[in-house]
Amino acid sequence: MTVLPRVFAIRYARSVAPKASYFYGSDPHEGDVPMDFFIWLIRVGSRTILVDAGFSEQTARRRSKELTADPLGVLSSLGASADLIDGVILTHLHYDHCGLISSFPNAQVWVQEKEMSFWTGRFASRRPLVAAIEPTDIATMVGLNFEGRLHFVDGDAEIVPGVSVHWVGGHSAGLQVVRVATDGGPTVLASDASHLYEQFELDRPSSVVQSLPEMLAAFDRLRELAGADGDIVPGHDPLVLSRYRPVPGLEGVAVELGPTLHSVPRPDS
Ligand SMILES: [Zn+2]
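## As for the coordination of the zinc ion
1) Next: Asp 96 (OD), His 97 (NE2), Asp 192 (OD) and His 236 (NE2) make up the full set of protein donors to the zinc ion, lying at 2.1 to 2.2 Å.
2) Next: Taken together, the four donor atoms surrounding the zinc ion define angles of 90 to 158° at the centre, an arrangement classified as irregular.
3) Next: Sequence spacing of the donor residues for the zinc ion, all on one chain, is D-H-x94-D-x43-H. Of this pair, Asp 96 sits in helix H3 (residues 95-98) while Asp 192 sits in the loop between strand E11 (185-191) and helix H7 (197-201), and the two are 96 residues apart along the sequence.

## Quick notes on the pattern of salt bridges
1) Next: Taken as a whole, this structure holds 12 salt bridges when the rule is applied.
2) Next: For Arg 14, the salt bridge goes to Glu 66, with nearest N and O atoms at 3.0 Å. In this pair, Arg 14 is assigned in strand E1 (residues 6-18) and Glu 66 in strand E4 (residues 66-67), connecting sequence segments 52 residues apart.
3) Next: We classify Glu 66 as partly exposed; its relative accessible area is 41%.
4) Next: Each of the salt bridges in this network shares a partner with another, and the network as a whole consists of Lys 19, Glu 198 and Arg 204.

## Looking at helix H6 (residues 135-146)
1) Next: For H6, spanning 12 residues, the distance from its first C-alpha to its last is 17 Å, which sits close to the expected 16 Å at 1.5 Å a residue.
2) Next: Listed in full, the buried residues belonging to H6 are Asp 137, Ile 138, Met 141 and Leu 144. Within H6, the buried residues cover an arc of 110° as seen down the axis, which keeps them to one side. In this structure, H6 carries Pro 135, Thr 136 and Phe 146 as exposed residues pointing more than 90 degrees from its buried face.
3) Next: Among the structural elements, H3, strand E6 (108-112), helix H4 (113-119) and strand E7 (150-153) are those in contact with the buried residues of H6.
4) Next: One or two steps after H6, the chain reaches Gly 148, where phi turns positive at roughly 80°.

## A word on the side chain of His 171
1) Next: In this fold, His 171 is placed in the loop between strand E9 (163-167) and strand E10 (176-182).
2) Next: His 171 gets classed as buried once you look at its relative accessible area, which sits at 3%.
3) Next: Polar side-chain contacts of His 171 include one of 3.3 Å to the side chain of Asp 192.
4) Next: Every residue in contact with His 171, bar those within four places of it in the chain, is listed here: His 92, His 94, Asp 192, His 195, Ser 206, Val 208, Val 209, Gln 210 and Met 215.

## Points about unusual backbone geometry
1) Next: One non-glycine residue, Asp 52, lies in the positive phi region at around 75°.
2) Next: Exposure remark for Asp 52: the relative accessible area of 0% places this residue in the buried category.

## Here we look at the sheet that holds E10
1) Next: Taken together, the five strands give an open sheet; going across it, the order is E8-E9-E10-E11-E12, and neighbouring strands pair in mixed fashion. Every other strand in the sheet has two partners, leaving strand E8 (156-160) and strand E12 (231-234) as the edge strands with one partner each. Taken pair by pair, the neighbouring strands of this sheet meet at an average axis angle of 25°, ignoring direction.
2) Next: One ladder, built from five bridges, connects E9 with E10; its direction is antiparallel. Looking at E10, one finds that Val 165 is bridged to Val 178.

## Here's the deal with the environment of Val 253
1) Next: Within the element layout of this structure, Val 253 appears in the loop between strand E13 (245-246) and strand E14 (254-257).
2) Next: Take Val 253: its relative accessible area is 17%, and that puts it in the buried class.
3) Next: With 148 residues separating them along the chain, Val 253 and Pro 105 place their C-alpha atoms 24 Å apart.
4) Next: Once residues lying within four places of it in the same chain are set aside, the contact partners of Val 253 are Ala 9, Ile 10, Arg 11, Ala 69, Val 74 and Leu 241.

## Brief notes about the environment of Gln 210
1) Next: Mapped onto the fold, Gln 210 is located in the loop between H7 and helix H8 (212-226).
2) Next: With relative accessibility at 32%, the residue Gln 210 sits in the partly exposed group.
3) Next: Look past the residues within four positions of Gln 210 in its chain and what remains in contact with it is Phe 118, Leu 129, Gly 170, His 171, Ser 172 and Ala 173.

Calculation criteria
Residues numbered from 1 in each chain as written. Predicted model: local features only at pLDDT ≥ 70, side-chain atom pairs only at ≥ 80, totals over all residues. Heavy atoms only, no water. Donors = N, O, S within 2.8 Å, 3.2 Å for Na, K, Ca; no water. Tetrahedral: all angles 85-135°; square planar, octahedral: opposite > 155°, others 65-115°. Helix = DSSP H or I, 4+ residues; strand = E, 2+ residues; numbered from the N terminus. Salt bridge = Lys/Arg side-chain N within 4 Å of Asp/Glu carboxyl O. Buried < 20%, exposed > 50% of the residue type's maximum accessible area, 1.4 Å probe, protein only. Expected span 1.5 Å × (residues − 1). Arc of directions from axis to C-beta. Contact = heavy atoms within 4.5 Å. Polar contact = N/O pair within 3.5 Å; in protein donor to acceptor, adjacent residues only side chain to side chain. Pairing = 2+ DSSP bridges. Axes fitted to C-alpha atoms, helices over the stretch in contact; angles between N-to-C directions.

Take a look at the structure:
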């Protein structure tokens, strides 16, 4: 019998920011929007794979984000201590997605080739772009490459059966999304292809933009990857914690994703 993956969302930090700073072309009078910061854990057979790697305490302090949980501690509570993580998929290299990558000594790491090329290339240090990354994280990624632990993806790739990555670009040069074949259908981890439900539902892309047409095409790609029975999970939406079943003992921190959990009443239904 094929073992299908299970996927969990873990919220480790939050912030409140002007909506205009997250929505392309937004009116400054739209007020503030709360943002949650997540990592995602996939378990399939004997494999334990992390999607994205959060940020450090120092980065949280410097960027005025409130850490709400220790991501490594939560992973341990889920039976996935850092040394047991054997793979990390990085959706992209912005500071809130790869800051703890050096905490997983036994992990192979997957990233889009376009993303690595961009952040080791000509425009990486320019002011409007460099704000989204921590230069030390990029240096760590270069080191992982020389250790032979970095796997470059160009477009679509299956990481393990039931878990695949798909380049969408738009928000960053090499942003990829992750599709997980759960027992209820595909769950698509949108990461920053859609920070919030509102972005892909109302066609309102992020203001952090590499290519606006690519961001719009990414919304279409998310729907295509999810299909009629699938589920799209945005990268920073506080609603995620209330739409899925909490992990016992980790209420307000971790939920199990998957269309099979739609029987849990949604707050807006
Ligand atoms: Zn992000």
